[in-house]
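Working through the structure, step by step
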Amino acid sequence: MPPRLTVIGKHSELAAGDVRRLVHLVVGDQVPGDSRTRGTVDVRVLQGGYSGLLVALVYAPGRGLFILKGGPTGEIRQEHENRSAFLGSDEWLVSNKLDGIYGPAEVEIRDQSESWSAMAYRYIGSRTYRELADYSEFGGFLQSFALPQTAESAPPERTVRACLYKVASLLVRNADLQNEEEGRALVEYLPDVDWERDINASLTTAAALWSDIEDLRDFRAWYTEAAAAVRVAPVADRRLIHGDAHLANILVNSVRAEVDLIDFGKGRQAHVFEDLARFEVDLVLHTTPRHAHSAELVQDELLETVSLVGDDDFALRDSPEEPRHRRCLRMWRQELCAVLRGTSLPGAAMMYRWFLLSECLKRIRWVTNNGPVAAGVDMLSLLRMITALRRMLDGHRYAPETVISTTAEALTLLRCTAAYVPMHGHELLTNEKRNRAKEAALHASAARGASVRITAETGYSYLATRGVFNSRIVRLLRAGASLQMVICNPYFLEAYGISASYDPDGRRLGSVVSDRLELHADLARKFEASLRGYEILREEYKSLVEVRLARFGIGATVLLTERASFFEPYFHASRSRRERVLFDTFELQFDPGGLHMKRLLEETFSFHWNNADAVTDATQLEERCRRARTTVFEAWQETGAS
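Just so you know, the residues in each chain are numbered from 1, in the order the chain's sequence is written. Side-chain atom pairs in this predicted model are given and counted only at pLDDT of 80 or more, local residue features only at pLDDT of at least 70, and totals for whole chains, interfaces and linings cover all residues. Computation of side-chain values covers all heavy atoms of the structure but excludes hydrogens and water.

The protein appears in an unreviewed UniProt entry as Phosphotransferase from Phytohabitans maris.

1. Comments concerning the overall build of the protein
Going by this rule: Under the DSSP-based scheme used, a helix requires at least four consecutive residues in state H or I and a strand at least two consecutive residues in state E, with every element numbered from the N terminus. Buried means the residue's accessible area, taken with a 1.4 Å probe over protein chains only, is under 20% of the maximum for its type, while exposed means over 50%, and partly exposed covers the values in between. Calculation of accessible area relied on Shrake-Rupley with a 1.4 Å probe; when residues are assessed, cover is drawn exclusively from the protein chains displayed.
Looking only at helices and strands, the protein features 22 helices and 19 strands. For the protein, with 642 residues in total, the buried portion stands at 49%. Counting every atom, the protein has about 31,600 Å² of accessible surface; 50% of that belongs to carbon and sulfur.

2. Some details on the pairing of strand 13 (residues 452–456)
So the rule is basically this: Strands are labelled as partners when DSSP assigns at least two bridges between them.
Of all five residues making up strand 13, four are buried, and the element is well covered by its neighbours. Pairing analysis gives five bridges linking strand 13 to strand 14 (residues 483–488), with the strands arranged parallel. Residue pairing across strands places R453 opposite Q484, the latter belonging to strand 14. As defined by bridge partners, strand 13 adjoins strand 16 (residues 556–560) across three bridges and the pair is classed as antiparallel. Following the sheet pairing, R453 is matched in strand 16 by L560.

3. Examining the packing of aromatic side chains
As a reminder, the rule being used: Here a pair means two rings of Phe, Tyr or Trp (six-membered ring of Trp) with centres within 6.5 Å. Their orientation is stacked below 30 degrees between planes, edge-to-face above 60, and tilted elsewhere. Whether a charge sits over a ring depends on NZ of Lys or CZ of Arg being within 6 Å of the ring centre and within 35 degrees of the ring normal.
Scanning the entire structure with this criterion turns up 16 aromatic pairs. Residues W222 and Y223 carry aromatic rings whose centres are separated by 6.4 Å and whose planes lie at 70° to one another, so their mutual orientation is edge-to-face. Measuring from ring centre to ring centre gives 6.2 Å for F571 and F586, while their planes differ by 45°; the resulting arrangement is tilted. Of this pair, F571 sits in the loop between strand 17 (565–569) and helix 20 (575–581) while F586 sits in the loop between helix 20 and strand 18 (587–590), and the two are 15 residues apart along the sequence. Assessed through its relative accessible area of 46%, F571 is described here as partly exposed. Take F586: its relative accessible area is 29%, and that puts it in the partly exposed class. Feature note: the residues W195, F219, W222, Y223 and W354 constitute an aromatic cluster, connected by ring pairs. Above the ring of F86, the side-chain terminus of R173 is found at 4.2 Å from the ring centroid. Across from the ring centre of W609, 3.8 Å away, lies the NZ or CZ of R548, which sits over that ring.

4. Points about empty space enclosed by the protein
As a reminder of what qualifies: A pocket here means an open set of points on a 1 Å grid, computed over the protein atoms alone, that has protein on both sides within 12 Å along at least five of seven lines. A cavity is instead a set of points where a 1.4 Å probe fits but cannot get out; residues with an atom within 4 Å of a point line either one. Grid points are joined across faces, edges and corners, and a volume is the space filled by probe spheres set on the points. Residue polarity is assigned by list, with Asp, Glu, Lys and Arg as charged and Ala, Val, Leu, Ile, Met, Phe, Trp, Tyr, Cys and Pro as nonpolar; anything else, Gly included, falls into the polar class.
Evaluated as defined, the whole model comprises one cavity of 30 Å³ or more. Of the volumes computed, that of the largest cavity is approximately 90 Å³. If you trace the largest cavity, you find it lined by E280, V281, V284, V306, V309, L356, C360, M385 and L389. Of all elements in the fold, only helix 8 (272–287), helix 9 (299–309), helix 11 (348–375) and helix 12 (379–393) reach the threshold of two or more residues within the lining of the largest cavity. Here the residues of the lining of the largest cavity sort into eight nonpolar, no polar and one charged.

5. Description of the side chain of E457
The condition is simple: Contact definition: two residues touch when any of their heavy atoms are within 4.5 Å.
Note on placement: E457 falls in the loop between strand 13 and helix 15 (460–463). Look at E457 and you get buried, because its relative accessible area is 8%. Not counting residues within four places of it along the chain, the set of residues in contact with E457 comprises I487, C488, I498, F527, Y570 and R575.

6. Looking at the side chain of R333
Tracing the backbone through its elements, the reader meets R333 in helix 10 (residues 324–339). Aside from chain neighbours lying at most four places away, what touches R333 is E280, V309, F314, A315, Y352 and L356.

7. Quick look at the sheet that holds strand 3 (residues 54–60)
Put simply, the rule reads: Note on definitions: angles span 0 to 180 degrees between N-to-C directions of axes, and those axes are lines fitted to C-alpha atoms, for helices only across the stretch in contact.
Ordered in space as 1-2-3-4-6-5, the six strands form an open sheet in which the pairing is mixed. Each having just a single partner strand, strand 1 (5–8) and strand 5 (102–109) make up the two edges of the open sheet. Taken pair by pair, the neighbouring strands of this sheet meet at an average axis angle of 30°, ignoring direction. By the bridge criterion, four bridges tie strand 1 to strand 2 (residues 41–46) in an arrangement that is parallel. Following the sheet pairing, V7 is matched in strand 2 by V43. Seen against the sheet, helix 1 (residues 16–27) touches strand 1, strand 2, strand 3, strand 4 (64–72), strand 5 and strand 6 (112–122) and runs at an angle of roughly 175° to strand 5. Against the sheet, helix 2 (residues 73–87) engages strand 4, strand 5 and strand 6, with an angle of about 20° to strand 6.

8. Describing the nonpolar core
Rules: Buried Ala, Val, Leu, Ile, Met, Phe, Trp, Tyr and Cys residues form a nonpolar core when they are joined through side-chain atoms within 4.5 Å.
Among the nonpolar cores identified, the biggest contains 94 residues, and F138, W332 and L361 are the most heavily contacted of them. Of all the elements, helix 11 adds the most residues to this core, at 12 residues. In terms of nonpolar packing, the next biggest core, distinct from the first, is built from 57 residues, Y420, I454, I487 and L601 among them.

9. A closer look at the packing of helix 4 (residues 138–146) against helix 10
Put simply, the test is: Roughly parallel means an angle under 35 degrees; roughly antiparallel, over 145; roughly perpendicular, 65 to 115; everything else is oblique. Should the near helix be turned anticlockwise from the far one by less than a right angle, the crossing is left-handed, and should it be turned clockwise, the crossing is right-handed.
Across the interface, helix 4 lies against helix 10 with an axial gap of 8 Å and an inter-helix angle of 125°. Considering their axes alone, helix 4 and helix 10 lie oblique with respect to each other. At the point where helix 4 passes helix 10, the crossing takes the right-handed sense. Two secondary-structure elements touch here, helix 4 through L142, F145 and A146 and helix 10 through R324, H325, C328 and M331. Here the contact of helix 4 with helix 10 is composed, by residue class, of five nonpolar, one polar and one charged.

10. Considerations on the environment of L476
Of note, L476 is situated in helix 16 (residues 470–478). Judged by its relative accessible area of 0%, L476 falls in the buried class. As for L476 and R448, which are separated by 28 residues in sequence, their C-alpha atoms are 9.3 Å apart.

11. Thoughts on the pattern of salt bridges
Let me state the cut-off plainly: In what follows, salt bridge is the name for a side-chain nitrogen of Lys or Arg lying within 4 Å of a carboxyl oxygen of Asp or Glu.
Applying the stated criterion to the full structure yields 35 salt bridges. Note that E602 is salt-bridged to R453, the shortest N-O span being 3.3 Å. Of the two residues, E602 is situated in helix 21 (residues 595–610) and R453 in strand 13; the sequence distance between them amounts to 149 residues. According to the relative accessible area criterion, R453 is partly exposed, its value standing at 23%. Ionic contacts of the salt-bridge type, sharing partners, join the residues D244, R278, D282, E359 and R363 into one network.

12. Topic: the packing of helix 4 against helix 5 (residues 157–172)
Where helix 4 contacts helix 5, the two axes come as close as 11 Å, and the packing angle between them is 150°. Classed by the angle they form, the pair helix 4 and helix 5 counts as roughly antiparallel. Between helix 4 and helix 5 lies a crossing whose hand is left-handed. Contact residues: F138, F141, L142 and F145 in helix 4; E157, T159, V160, C163, L164 and V167 in helix 5.

13. Section: the environment of A446
Along the chain, A446 turns up in helix 14 (residues 427–448). In this structure A446 comes out as buried when scored by relative accessible area, which is 15%. In the structure, A446 is positioned 32 residues away from R478 in sequence and 8.2 Å away in space, judged by C-alpha atoms. Beyond its immediate chain neighbours, meaning those up to four positions away, A446 contacts R475, L476 and A479.

Set out below in structure tokens:
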């Protein structure tokens, strides 16, 4: 008689009935009269990662907790064989009659019938509330040591070292690189690099963007030729490897220093260096410090850690005062040397670096297809590691102080997401694109009721009733959000400097006396329309909108929103051309997560806001400014006459 099932959660593609069918295959029928097997079987469907397989936590009366894994029959059979060969027999699974392959059963996947089977894993994790904090994936465990929230929360170094030793022991499994074999070429051991699937294209694009980084040029040709040149691999090895030894597939009990491997579906015959390289690259990426605002790796720290990889003897030395993230790598290498015989053989370190490079190349696809968050690394950091490893394999000592300093990298570090540059003949199109970006940012602020801050010359685009962004400003204020804006003082020196740009030959400036100096008609019209638009907005939205007149010159339009920031510098070039093409400078758009640029722009706005006068005092301000500018212009004329 089939047991009753309670299923929580859904699989992305399997129907609920197919999930139940696979569970029934594993737990079997209830035995009449056997009280141990009576009761409900509880099933919680878990996320199966990128594999698409069924993974579930199952509680069965009389057996307790275990993990059920279901998938295509061939894949499940292969994983079962790999696990048995890698770890041997599991007594708990045998005693609970869960050590076999169950199935097959027909299931529906994307409207097609497939043959699936299931297998069981021993549950590894807490069984009581007190044990919850003891278990974690190995990545979280290493981060708690390398990047602890508090000193008290970090596990002891001896515990970390003991766990690293056990990982090395599990992956190496008594391998001995000192055994001599008939010489085979390096390429026969290296993992295949699928160049045609994103890797070569990504490297070619990167070489174009970072054109001064010679190590990215013709990378595929260099890799193929340099690897083929190693006609005899320094250390031979071929064994069943785990095949996917990243940190998420290693579970740890930090109290008991117990370590377990899971997920053997990618096991195959290969060189032990392949497993070790995947684990080590993951270790570096998980333990290197990250920027708090963006979660991206701190480049200087990454380069310093990568430099250790080029030091063949760093595992032989000790440096207890070094940062904890580099301490992790050193302890790993030390424990690996203790477990794996032959690491000091001539050429072994060089060969291992080839495997590290191959692992980094594979991760280009992860970043391209899944994004930096899911991949655990951004593309720039990955390129830095690849560049460093190539230089090491070329025989150059990698210097961590060598910083990639290019325009593309600078924009990346500043979190610049767009640059609107009006090339000749495309000014109108560029202007339209940047306007759409600004409209989207203002719309997002209105939707969230978030405040907006702006510095601008005249503010015409935002304040004037016919301004291109005025309707967005109205919606913003209508949503209850606020607007703070600083514009140039139309009565003082900066405005007359702008006015001179409308008349680049300077005829107006020298043809009138200082006390009757006038702004260019186009500029005066913009100021007038902006101030009138502000009066209209102020009447309706009161204190939600405030505009001030700057005491000092404004060098750029700065638009600060919650979604994006914009920076458009001003130049004293002829404004007559701008009237024809609308856009004759350039504008940069920044992600607000870029802390450095965000701080600069916010401090610039704050400076002008705190050094500005209220528009409500315009009448008195105009008279004071008139007297002051008269004095200044008279002084300039006297200087010119002398």
